[in-house]
Amino acid sequence: MSDPVPMPPGETLDLEREDRLDEIRREAEERSQLHATAARPQGAPFPQATPESGYYGIPLLKQPPWTWEIPLYFFVGGAAGAAAVIGAIADYTGADRELVRHARWIAAAGSVISPALLIADLGRPERFLAMLRVFKPQSPMSVGVWTLLGFSSAAAATAFAEFLSDRYGPSLPLRVLENAGQAASLALGLPFSNYTGVLIGATVIPVWNRNVGQLPLHFAASGVGAAVGILELMGHRKSRALQALGLGAAIFETWEGLRIESLSQPHLDPLKYGASGWITRAGGALSGPIPTLLRVAGLFGGKRRSNSLRRWAAWSAIAGSLLTRVAWISAGHVSARDWKLPLQRDAAE
Amino acid sequence: MSVMAFLTDSTLCIGCKACEVACKEWNGVGEDGLNWSGFSYDNTGAVGASTWRHVKFVEQAPVPGLGGNAGEQASWTFSSDVCKHCEEAGCLEACPTGSIVRTEFGGVFIQPDVCNGCGYCVTSCPFGVVERNQKDGRAFKCTFCYDRQKVGLQPACAKACPTESIKFGEIGQLRQHAQDRLHELQARGITDAQLYNPAETSVRGTHAMFIVRGDPRSYNLPLAPEVPTVYLQKAWTASALAAGLLLGGTLLAFLFDGKKADRRENR
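Scoring rules and cut-offs
- Residues numbered from 1 in each chain as written.
- Chains lettered and ligands numbered in written order.
- Predicted model: local features only at pLDDT ≥ 70, side-chain atom pairs only at ≥ 80, totals over all residues.
- Domains from an automatic or database assignment.
- Contact = placed C-beta atoms within 7 Å.
- Helix = DSSP H or I, 4+ residues; strand = E, 2+ residues; numbered from the N terminus.
- Axes fitted to C-alpha atoms, helices over the stretch in contact; angles between N-to-C directions.
- Parallel < 35°, antiparallel > 145°, perpendicular 65-115°, else oblique.
- Core = buried A, V, L, I, M, F, W, Y, C linked by C-beta atoms within 7 Å.
- Buried ≥ 20, exposed ≤ 12 C-beta atoms within 10 Å, placed from the backbone.
- Nonpolar A, V, L, I, M, F, W, Y, C, P; charged D, E, K, R; others polar.
- Pairing = 2+ DSSP bridges.
- Left-handed = near helix turned anticlockwise from the far one by under 90°.

Caption draft 1: Up close: the domain arrangement of chain A. All names here are of chain A. According to the domain assignment, chain A contains domain 1 (65-193) and domain 2 (204-339). The gap between the C-alpha centroids of domain 1 and domain 2 is 22 Å. Taken together, the contact between domain 1 and domain 2 spans 18 residues of the former and 18 residues of the latter. Contributions of two or more residues to the side of domain 1 that touches domain 2 are made by helix H2 (69-92) and helix H3 (97-121). By residue number, the principal contributor to the side of domain 1 that touches domain 2 is H2, which donates 10 residues.

Written as structure tokens, this is what we have:
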């Protein structure tokens, strides 16, 4: 079968390479004939491809190519987004000035670390700017990158303006910058603290997409736990608002852990069994029940005891948040290697 | 420009791997292991960053008469796998750089000069086709020989296929051809042959169709592949809910916090 070759003007056909394709075809015709008959192979039983096993149990899906930067990015981004929200609301409701300042610094630190981690993970980091060619609402990665960009600029501007007015005295432009930056970092911090749940939820990885309705809430709670924890470690262990937020996040995470443990569905297996299962459990215990108990215990007894218990709760929530992100990514890897799910699931539905 | 497609007919495939060789030579894709996988005559196991055509060697329970087999020997079919070039392509929707585009020939093409290696397409392909090249960092897959189609040539694999198991042509004509071929096979007593083209799923059909014998799942072809954009609505609803709870919860926590410092004093 030869090609009709209507060559566009200015193009020339590389005849040598074209002839090579014909040569491959001829060689295949001549050499790929099996003349031996009745050969009885030794070593049976041989692996077979069946509707149940798929193609020899070779995974259908590819594993996510992301490395350690991504779970760390989820952790930092979640904490920074939640810290920006806490800082802005604390400012608007007239809470402790120092708390507002610290929350802004956490958000600003996150706004520097987050893009660095994200860029480091790219296969071609020097091409990060390619992300900014387009805005695609149907791509959570695109929406996320633009949110990150806006959030980072706003959070950094807020902290910078505050720093300048502390140092050189307040002025109108600085105040405008500070307020506008704070409003923007509140507006963008809200989605930024949880969009990573959308990012991994809207994929083909079964353990992720089957939890798509939970992940943003779960990740938001994890981010709040971490942000509150960091603020408490910075000394804000007397704030009742932070205590309430930390307790709320810990209770939500407890419920999330119970939900995972109580459902017996094959797609949740990577969250329960094997190494990824144990990371999930450790992360869940550290972000859910342990800080809940510590915080409740801290409500009773003396100030010193409360102070120390909240410090432990803070460490626990921070470690739990980080482990939870690691757990979900590693569960995604296990889930992608599962050759059964994509084939079985389809048969059922 | 007409919309083109592949039709890969496993009932004609002889497992010679000429398509793999032609693809690698034309596209300059490196050799990726001549080791035996232990699964029949398969080398690489699946399509990936360095395997854009992949011949599957499907050994199944003995079916007397299939492929001229004796009753006690495993039945053996071959099928050359390739990027499906989905009508609703998960990788294309997910790509944040706009590197992945739909060509005028209906194929899904990764522009290598735009791809920044974020890897999101890898997690968005329901067929596990796209893969990031570890050394290069970018994502790679079958280009549908976009360069060849541009000058009116058929893809290299189709050209090199000695049995014309790989057919390339206008998509409507190929669908018709597939139906004719299935009728022909039926008439010859091969009743288990079927066309794999998941048109009823969210993928809405593929530009690489396959004629397979028996259950497509034996060939790692899922019955209902899903494009991940179907999860977006639920995901963003949950995201909005989470944002609302965070805003409301934080407001409540601070409004009911008795220990309001004197903000004006500290300013």
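What follows picks up the thread again.
Caption draft 2: Quick peek at the packing of H2 of chain A against helix H8 (residues 215-233) of chain A. All names here are of chain A. In contact at an axis separation of 7 Å, H2 and H8 are set at 70° when each is read in the N-to-C sense. Considering the angle they form, H2 stands roughly perpendicular to H8. From H2, Phe-74, Phe-75, Gly-78, Ala-79, Gly-81, Ala-82, Ala-83 and Ile-86 reach across to H8, where they touch Phe-219, Ser-222, Gly-223, Val-224, Ala-226, Ala-227 and Ile-230.

Caption draft 3: Quick peek at the nonpolar core. Counting 174 residues, the largest nonpolar core has Ala-79, Ala-83 and Ala-227 of chain A together with Ala-22, Cys-91 and Cys-121 of chain B as its most contacted members. Not counting residues up to four positions away in its chain, the partners in contact with Ala-79 of chain A are Ile-106, Gly-110, Gly-223, Ala-226, Ala-227, Ile-230 and Ser-321 of chain A.

Caption draft 4: Representation of the environment of Asn-209 of chain A in the model. Within the secondary structure, Asn-209 of chain A sits in helix H7 (residues 206-209). Among the residues examined, Asn-209 of chain A registers 22 C-beta atoms within 10 Å and is labelled buried. Setting aside residues up to four positions removed in sequence, Asn-209 of chain A forms contacts with Gly-201, Ala-202, Thr-203 and Val-204 of chain A together with Pro-228 and Tyr-231 of chain B.

Caption draft 5: Inspection of unusual backbone geometry at higher detail. All names here are of chain B. One non-glycine residue, Ser-40, lies in the positive phi region at around 55°. Within the secondary structure, Ser-40 sits in the loop between helix H1 (18-27) and strand S2 (53-60). Here the phi dihedral of Asn-220 falls at roughly 60°; this positive angle occurs in a residue that is not glycine. Along the polypeptide, Asn-220 turns up in the loop between strand S10 (208-213) and helix H6 (232-255).

Caption draft 6: Region of the structure containing the interface of chain B and chain A. Contacts between the two partners involve 86 residues from chain B and, on the opposite side, 90 residues from chain A. Mapped onto the side of chain B that touches chain A, the elements with two or more residues apiece are H1, S2, helix H2 (90-94), strand S6 (131-132), helix H4 (156-160), H6 and helix H7 (263-266) of chain B. When residues of the side of chain B that touches chain A are assigned to their parent elements, the largest contribution, 17 residues, is made by H6 of chain B. When grouped by side-chain class, the residues that make up the side of chain B that touches chain A number 46 nonpolar, 23 polar and 17 charged.

Caption draft 7: How the structure looks around the environment of Leu-132 of chain A. Note that Leu-132 of chain A resides in the loop between H3 and helix H4 (140-168). Here the alpha-carbon distance between Leu-132 of chain A and Pro-59 of chain A, two residues 73 residues apart in the chain, equals 33 Å.

Caption draft 8: Examining the pairing of strand S1 (residues 4-9) of chain B more closely. All names here are of chain B. Burial analysis of S1 places 6 of its 6 residues in the buried class, the great majority of the element. Burial along S1 is two-sided: the face carrying Met-4, Phe-6 and Thr-8 and the face carrying Ala-5, Leu-7 and Asp-9 are both buried. In this sheet, strand S8 (residues 166-170) lies alongside S1 in antiparallel orientation, the contact comprising 5 bridges. The residue of S8 that forms the bridge with Ala-5 is Gly-169. Where S1 meets S10, 4 bridges bridge the pair, whose relative direction is parallel. Residue pairing for S10: Thr-8 is matched across the bridge by Phe-210.

Caption draft 9: Region of interest: the packing of H2 of chain A against helix H5 (residues 172-192) of chain A. All names here are of chain A. Their axes nearest at 8 Å, the elements H2 and H5 cross at an angle of 140°. With respect to each other, H2 and H5 are oriented oblique. The hand of the H2/H5 crossing is left-handed. Across from Gly-77, Gly-81, Ala-84, Val-85, Ala-88 and Asp-91 in H2, the residues of H5 making contact are Gln-182, Ser-185, Leu-186, Gly-189, Leu-190 and Phe-192. Taken together, the residues of the contact of H2 with H5 break down into 6 nonpolar, 5 polar and 1 charged.

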